[in-house]
Amino acid sequence: DPDKDVRPGSTRKTMSHLRQIFGRMGFSDQEIVALSGAHNLGKCHYGDSGYEGVWSETPWKFDNSYFNILIQPLASTREGEPNWVPEKLPNGKIQYVDANHMYVMLPSDLALLDDAKTAEWVEKYARNSPLFFKDFAAAYCKLLALGT
């Protein structure tokens, strides 16, 4: 059972949690991934979220670079090396950084790669920004219509 991995920073438990939260509102895996693309905007502020860093090099521009950065280490990593390196913060939370410490990913971001159903959508959105824009707009409108 992959959900039994509850180590600090584990991404396996996180995907189940995402499905539980968003599933209650009627969101599919595809819609969860599309909404996650909003991480391309802004950054994590330690004082607010307990995490620190940016997901993309252009946090003021809405595009699909979050997905490209998320999968980039997968293409450039040698066998046996970690794709994203866990970093324990002073508050005990775990975030992940790339080899150059330019970008940060949260357990919820990496959870999208650990699941075959959601990883497929991450790869589609990395390759096809018009598809991401279309799907994000639909999922975001659904989120707004729910009053959240």
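Just so we're clear, the structure is a prediction, and the values are computed from it rather than from any experiment.

A. Layout of the sheet that holds strand S5 (residues 104-105). Read across the sheet, three strands follow the order S3-S4-S5 without closing on themselves; strand pairing throughout is antiparallel. The outermost strands of the open sheet, each flanked by one partner alone, are strand S3 (85-88) and S5. Of the strand pairs in this sheet, strand S4 (residues 94-97) and S5 are connected by two bridges, and their pairing is antiparallel. By the bridge assignment for S5, valine 97 is matched with valine 104.

B. Focus on the packing of helix H6 (residues 116-127) against helix H7 (residues 129-145). Relative orientation of the contacting elements H6 and H7 amounts to 120°, with a least axis distance of 5 Å. Overall, the two elements H6 and H7 adopt an arrangement that is oblique. Residues Trp121, Lys124, Tyr125 and Arg127 of H6 touch H7, and the partners they reach there are Ser129, Leu131, Phe132 and Asp135. Residue composition of the contact of H6 with H7, by class: four nonpolar, one polar and three charged.

C. Main features of the nonpolar core. One finds Phe67, Leu70, Trp84, Met105 and Leu112 to be the most contacted residues of the largest nonpolar core, which totals 32 residues. Every element with two or more residues in this core is listed here: helix H1 (12-24), helix H2 (29-36), helix H4 (65-76), S4, helix H5 (107-114), H6 and H7. Apart from residues lying up to four places away in sequence, phenylalanine 67 is in contact with Val33, Gly37, Val122, Tyr125, Ala126 and Phe132.

D. Just H5, in detail. The element H5 is extensively covered by neighbouring structure, given that six of its eight residues are classed as buried. Among the residues making up H5, those that are buried are Pro107, Asp109, Leu110, Ala111, Leu112 and Leu113.

E. Looking closely at the pattern of salt bridges. Tallied over the full model, the rule gives seven salt bridges. Lysine 43 is paired through a salt bridge with glutamate 52; the nearest N and O atoms lie 2.8 Å apart. Here lysine 43 falls in the partly exposed class, since its relative accessible area comes to 36%. For glutamate 52, a relative accessible area of 34% gives the class partly exposed.

F. Molecular detail of the packing of aromatic side chains. Evaluated as defined, the whole model comprises 12 aromatic pairs. For the pair phenylalanine 62 and phenylalanine 132, a centre-to-centre distance of 5.4 Å together with 35° between the ring planes defines the contact as tilted. Within this pair, whereas phenylalanine 62 is found in the loop between strand S2 (53-54) and H4, its partner phenylalanine 132 is found in helix H7, the two being separated by 70 residues in sequence. Take phenylalanine 132: its relative accessible area is 0%, and that puts it in the buried class. Ring centres of phenylalanine 62 and phenylalanine 136 lie 4.9 Å apart, and the angle between their planes is 50°; this geometry places the pair in the tilted category. A residue pair is termed long-range when its members are at least 10 positions apart, and phenylalanine 62 in the loop between S2 and H4 and phenylalanine 136 in helix H7 qualify at 74 residues. You can call phenylalanine 62 partly exposed: its relative accessible area is 30%.

Conventions adopted
- Residues numbered from 1 in each chain as written.
- Predicted model: local features only at pLDDT ≥ 70, side-chain atom pairs only at ≥ 80, totals over all residues.
- Heavy atoms only, no water.
- Pairing = 2+ DSSP bridges.
- Helix = DSSP H or I, 4+ residues; strand = E, 2+ residues; numbered from the N terminus.
- Axes fitted to C-alpha atoms, helices over the stretch in contact; angles between N-to-C directions.
- Parallel < 35°, antiparallel > 145°, perpendicular 65-115°, else oblique.
- Contact = heavy atoms within 4.5 Å.
- Nonpolar A, V, L, I, M, F, W, Y, C, P; charged D, E, K, R; others polar.
- Core = buried A, V, L, I, M, F, W, Y, C linked by side-chain atoms within 4.5 Å.
- Buried < 20%, exposed > 50% of the residue type's maximum accessible area, 1.4 Å probe, protein only.
- Salt bridge = Lys/Arg side-chain N within 4 Å of Asp/Glu carboxyl O.
- Phe/Tyr/Trp six-rings, centres within 6.5 Å; stacked < 30°, edge-to-face > 60°.

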